[in-house]
Amino acid sequence: MKKEVIRGKEVERFTLTNAKQTRVVILSLGGIIQEFSIMNGEKRQNLVVNFDHASEYADNPYQICKQIGRIAGRIKDANFMLNGKKVQVPANEGDNTLHGGDNGVSTQVFDGYQVADNEVILSLNLDSSMDGFPGKLTLQIDYFLSEDNRLDVTYDVVAQSDTVYDPTIHIYWALDQGLNNTEVEINGSRILETRDDKIPTGEFMNVKGTAYDFTSARNLAAAVDDLHASEHQKGFDTAYEVEADFNQPVVKIDEKDKHVKINVFSDRNGLVIFTADPKTAENDEKGLFNSLATEVQTLPDALHHDEFGKVWLKAGEHKRMHIAYQAETY
């Protein structure tokens with residue numbers, strides 16, 4: 001890839017490999033997962049939506065396969081309480097803040113170094129002058145590719161001053177146009193009730209028997225059709241409450257035609273699924289989707305709902321979080 005400069009820093013490209021010829025490519029811009037490819041028979045198959053150039057990611061509004069922060073998801077009214085005081089942060093979706101705002105972690109260029117053929121570490125010192133969020137923190141993200149095609153992503157964050165932090169990776173799994181012959185199963189039976197602008201009300205809804213029900217494996221195209229017919233929704237942008245257990249997948253994706261299964265693991269209690277065509281806005285607007293984003297995080301807008309989970313950090317506090325993706329062919 002041709003060297004590119006974003007925000008005054010050269011974007012680096014790191015390649016992870018294992019003995020199965022699986023390949024993961026990480027960009028220092030936004031910690032992007034540019035490639036997660038496996039050998040499927042004699043062919044190499046990239047499992048994620050991607051661009052060739054860093055500038056294309058920077059120009060695209062869909063946060064394609066980027067690290068998200070400081071806070072994943074939406075923040076109601078672009079404000080929250082910190083140490084008893086209301087803090088205002090940049091709004092970038094109407095009156096609300098989405099995915100850390102327009103200068104969030106996804107737009108920053110990390111420092112990085114290759115630890116081994118199958119591991120890279122990115123680091124970033126983040127302060128309010130960069131993203132408009134209060135406080136300073138030091139962030140280190142470790143990407144490790146195992147021999148069984150599992151990509152483990154570990155976050156180590158240390159707060160230099162009181163702040164907030166709850167990341168996700170806005171990863172898009174590349175599926176067939178129309179989402180045909182893909183089955184999805186989610187380890188969760190409740191979704192967050194939301195307003196029209198997708199801000200949670202604080203209430204939950206049981207999914208059993210509804211268009212949102214993925215408690216057993218279900219065809220994704222049929223689910224989108226059901227959602228459109230019953231809820232008049234174009235597609236999914238839905239927050240599920242899931243079991244915070246890193247030993248079992250929060251979501252399973254089975255691409256039947258390609259004979260590929262993807263399992264997503266998380267140690268937090270939230271999963272947002274989002275159907276899209278993030279590279280072709282015209283298709284996306286029409287509901288012609290070719291990908292599924294699986295955003296694992298603490299339940300959205302936890303800054304206004306203490307019961308959703310803790311996303312505040314005190315000065316000197318160290319926190320570690322994990323996400324993992326495992327791919328297999330059959």
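Only a predicted model underlies this, so the values are computations on that prediction, with no experimental measurement involved. Along each chain, residues carry numbers from 1 onward, in the same order as the chain's sequence is written. Whole-chain, interface and lining totals are the exception, using all residues; otherwise, since this is a predicted model, local features are given only for residues with pLDDT of at least 70 and side-chain atom pairs are given and counted only at 80 or more. Working from all heavy atoms in the structure, the side-chain values ignore hydrogens and water.

Some details on the overall build of the protein chain
A helix here means a DSSP run of H or I that spans at least four residues, while a strand means a run of E at least two residues long, and both kinds are numbered starting from the N terminus. Secondary structure assignment for the protein chain yields 4 helices and 29 strands. Put simply, the radius of gyration uses C-alpha atoms, and a globule should come to 2.2 Å times the residue count raised to 0.38. Taken against the 2.2 N^0.38 rule, which gives 20 Å for 330 residues, the C-alpha radius of gyration of the protein chain at 19 Å falls within 12% of a compact globule. C-alpha extents for the protein chain along the principal axes are approximately 50 × 45 × 40 Å. Every one of the 330 residues in the protein chain was classed for burial, and the buried ones make up 55%. Should any heavy atoms of two residues lie within 4.5 Å, those residues are considered in contact. The long-range share in the protein chain, meaning contacts at least 24 apart out of those at least 6 apart in sequence, stands at 64%. Computed with the Shrake-Rupley method and a 1.4 Å probe, the accessible areas treat only the protein chains shown as cover for residues. Carbon together with sulfur atoms contributes 44% to the accessible area of the protein chain, which is approximately 13,700 Å² in total. Between the averaged position of the 34 positive side-chain charges in the protein chain and that of its 53 negative side-chain charges there is a distance of 2 Å. Note on classification: 1.4 Å probe, protein chains only; a residue is buried when its accessible area is under 20% of the maximum for its type, exposed when over 50%, partly exposed between these limits. Charge convention: Lys and Arg are scored as positive, Asp and Glu as negative, and His as well as the terminal groups of each chain are ignored. Note on charges: their place is set at NZ of Lys, CZ of Arg, CG of Asp or CD of Glu.

A closer look at the sheet that holds strand 23 (residues 237–241)
When DSSP finds at least two bridges between two strands, those strands are taken to pair. Spatially, 18-27-26-23-20-21 is the arrangement adopted by the 6 strands of the open sheet, whose pairing is antiparallel. Edge strands, defined here as strands with exactly one partner in the open sheet, are strand 18 (172–174) and strand 21 (200–206). Put simply, the sheet's adjacent strands are angled 30 degrees from each other on average, direction ignored. Convention adopted: a line fitted to C-alpha atoms gives each axis, helices being fitted over their contacting stretch, and angles between N-to-C directions are expressed from 0 to 180 degrees.

Some details on the sheet that holds strand 6 (residues 43–46)
Overall, antiparallel pairing links the 4 strands, which are arranged 3-4-5-6 in an open sheet. Among the strands making up the open sheet, the edge pair consists of strand 3 (13–17) and strand 6. The average undirected angle you get between the axes of adjacent strands in this sheet is 20 degrees. Bridge analysis of strand 3 against strand 4 (residues 23–27) gives 5 bridges, and the strand direction is antiparallel. In the strand pairing of strand 4, Leu16 is matched with Val24.

Regarding the pairing of strand 5 (residues 33–40)
Counted residue by residue, strand 5 has 6 buried out of 8 residues, so it is predominantly covered. Where strand 4 and strand 5 come together, 4 bridges link them in antiparallel fashion. What sits directly across from Arg23, in strand 5, is Ser37. Taking the residues that link successive antiparallel strands as the turn, the strand 4-strand 5 hairpin has 5 residues, and the phi of Gly30 there is positive, at about 60 degrees. Two strands pair when backbone bridges link them, and strand 5 and strand 6 are joined in this way by 4 bridges, in the antiparallel orientation. In the sheet register, Asn40 faces strand 6, and the bridge partner there is Lys43. Between strand 5 and strand 6, which pair antiparallel in sequence order, lie 2 residues; one of them, Gly41, sits at a positive phi of approximately 70 degrees.

Some words on the environment of Val109
Examined against the element boundaries, Val109 turns out to sit in the loop between strand 11 (97–98) and strand 12 (111–116). Sequence separation between Val109 and Gly31 is 78 residues, and the spatial gap between their C-alpha atoms is 7.8 Å. Residue contacts for Val109: discarding those within four places in its chain leaves Ile6, Lys9, Glu10, Ser28, Leu29 and Leu124.

These figures capture arrangement, not role.
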